[in-house]
Amino acid sequence: MEILAYAERAVDLVNTEIPGADQDSLRSEQDLRRLLPATWTVSHKAAEDGLRELRAVRPRLRRIFEQAAAGHGRSAVQAVNKLLVDFPASLSISDHDDDGWHMHLADAESGPARRFVTGAALGLAYTIAERGPERLGVCEATRCRAVFVDTTTNSSRRYCSDRCATRANVAAYRARKRAGVGGGARA
Ligand SMILES: [Zn+2]
Ligand SMILES: [Zn+2]
């Protein structure tokens, strides 16, 4: 896995909750297992601890996206640097299960949550270092605050999904139409 792509872990974790919409899809052990890579073996105890840890770090990750999206790149970078201190990578190369040589970012003993967040932190750090903090975004559609990493070539992404983009376009079209009707009545 390319390290830049690990930033998607941060996206996936943050988007388990939409603040203000009372939506939270990280409440149970099953939710946690859905979030973690399918190949990870996680005991019941580790899943319970992991759930708590991931829920605790989630607002911290959201804040990074919100700061970056609001143009406060330097604050976002400071927050990522703190995250890197709290979730330090412990790099090693492995070929367990005849998988071929690949990089491990954290010790398996550190538990699934720490492993997951270590990858997320490294992914965010690489994204900012190679592409800039403005690549971290928050969806601009009404009533959606889902986050995303903008991988478009011209850094033009504004919405978390096609669904939100369509919704926003329809709303803008209706607003223009209303404005157009009003203008016509005055003429
Ligand atoms: Zn491995
Ligand atoms: Zn959205």
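This is a predicted model, so every value here is computed, not measured. (Residues numbered from 1 in each chain as written. Chains lettered and ligands numbered in written order. Predicted model: local features only at pLDDT ≥ 70, side-chain atom pairs only at ≥ 80, totals over all residues. Heavy atoms only, no water.)

Visitor: Help me get a handle on the overall build of the protein chain, residues and values and all.
Guide: Along its length, the protein chain carries 6 helices and 6 strands. Counting from the amino terminus, the protein chain carries its helices and strands in the arrangement α-β-β-α-α-α-β-β-α-β-β-α. Once the C-alpha set of the protein chain is aligned to its principal axes, its extents read approximately 75 × 35 × 30 Å. Out of the 187 residues belonging to the protein chain, those deemed buried represent 39%. (Helix = DSSP H or I, 4+ residues; strand = E, 2+ residues; numbered from the N terminus. Buried < 20%, exposed > 50% of the residue type's maximum accessible area, 1.4 Å probe, protein only.)

Visitor: Can you explain the nonpolar core? Please cite residues and give values.
Guide: With 37 residues, the main nonpolar core has Leu 54, Leu 61, Ile 64, Phe 65 and Leu 124 as its most contacted residues. Mapped onto this core, the elements with two or more residues apiece are helix 1 (7–14), helix 2 (29–35), helix 3 (44–69), helix 4 (73–86), helix 5 (112–131), strand 5 (136–138) and strand 6 (147–149). The greatest single-element share of this core, amounting to 9 residues, is contributed by helix 3. The residues touching Phe 65, leaving out its near neighbours within four places in the chain, are Ala 10, Val 11, Val 14, Leu 124, Leu 136, Gly 137, Val 138, Val 147, Phe 148 and Val 149. (Core = buried A, V, L, I, M, F, W, Y, C linked by side-chain atoms within 4.5 Å. Contact = heavy atoms within 4.5 Å.)

Visitor: Which residues make up the layout of surface pockets, and what are the values?
Guide: In this structure, the largest pocket spans a volume of roughly 630 Å³. Taken together, 22 residues line the largest pocket, and the ones lying closest to its centre are Thr 39, Trp 40, His 102, His 104 and Arg 115. Secondary structure elements with two or more residues in the lining of the largest pocket: strand 4 (102–104) and helix 5. Sorting elements by how many residues they give to the lining of the largest pocket places strand 4 first, with 3 residues. The residue inventory of the lining of the largest pocket, partitioned by class, reads 12 nonpolar, 6 polar and 4 charged. Size it by volume and the second largest pocket reaches roughly 160 Å³. Together, Ile 18, Ala 21, Gln 23, Arg 143, Cys 144, Cys 160, Ser 161, Arg 163, Cys 164 and Arg 167 line the second largest pocket. Take the lining of the second largest pocket: its biggest share by element is 3 residues, from helix 6 (residues 162–186). Residue composition of the lining of the second largest pocket, grouped by class: 5 nonpolar, 2 polar and 3 charged. (1 Å grid on protein atoms, 1.4 Å probe; cavity = no way out; pocket = protein on both sides within 12 Å on 5 of 7 lines; lining within 4 Å. Points joined across faces, edges and corners; volume = space filled by probe spheres on them. Nonpolar A, V, L, I, M, F, W, Y, C, P; charged D, E, K, R; others polar.)

Visitor: Now, about the confidence of the model for the protein chain: what can you tell me, with residues and values included?
Guide: For the protein chain, the mean per-residue pLDDT works out to 92, and 96% of the residues sit at or above 70. Ignoring residues within four places in sequence, the model shows residues 183–187, a span with pLDDT below 50, making 0 contacts including any to other chains. (pLDDT = per-residue confidence, 0-100.)

Visitor: Give a description of the packing of aromatic side chains that names residues and reports values.
Guide: One pass over the full model with this rule turns up 1 aromatic pair. With a centroid separation of 6.5 Å and an interplanar angle of 85°, the aromatic rings of Trp 40 and Phe 116 are classed as edge-to-face. Remark: Phe 116 occurs in helix 5 and Trp 40 occurs in the loop between helix 2 and helix 3; sequence separation between them is 76 residues. Judged by its relative accessible area of 15%, Trp 40 falls in the buried class. (Phe/Tyr/Trp six-rings, centres within 6.5 Å; stacked < 30°, edge-to-face > 60°.)

Visitor: How would you sum up a nonpolar patch on the surface? Please name residues and give values.
Guide: A cluster of nonpolar side chains, namely Leu 91, Ile 93, Trp 101 and Met 103, defines an oily patch on the protein surface of about 500 Å² accessible area. Here Leu 91 shows up in the loop between helix 4 and strand 3 (92–94). (Patch = residues over 30% accessible without salt bridge, like charges linked within 9 Å, V, L, I, M, F, W, Y side chains within 5 Å. Areas by Shrake-Rupley, 256 points an atom, 1.4 Å probe, with all protein chains shown as cover. Salt bridge = Lys/Arg side-chain N within 4 Å of Asp/Glu carboxyl O.)

Visitor: Describe the coordination of the zinc ion (ligand 2), naming the residues involved and giving the relevant values.
Guide: Around the zinc ion (ligand 2), the donor atoms from the protein are Cys 139 (SG), Cys 144 (SG), Cys 160 (SG) and Cys 164 (SG), and they sit 2.3 Å away. If you look at the zinc ion (ligand 2), its 4 donor atoms make angles of 107 to 115° with each other, and the shape they trace is tetrahedral. Sequence spacing of the donor residues for the zinc ion (ligand 2), all on one chain, is C-x4-C-x15-C-x3-C. Residue Cys 139 is located in the loop between strand 5 and strand 6, and its partner Cys 160 is located in the loop between strand 6 and helix 6; the two are separated by 21 residues in the primary sequence. (Donors = N, O, S within 2.8 Å, 3.2 Å for Na, K, Ca; no water. Tetrahedral: all angles 85-135°; square planar, octahedral: opposite > 155°, others 65-115°.)

Visitor: Can you tell me about helix 3, naming the residues and giving the values?
Guide: End to end, helix 3 covers 37 Å across 26 residues, agreeing with the expected 38 Å (1.5 Å per residue, within 8%). Along its length, helix 3 shows its largest kink, about 30°, at Arg 58, and proline Pro 59 lies within four residues downstream of that point. Downstream of helix 3 by one or two residues, Gly 71 has phi in the positive range, about 90°. (Expected span 1.5 Å × (residues − 1). Bend = angle between axes of the 7 residues up to and from the residue.)

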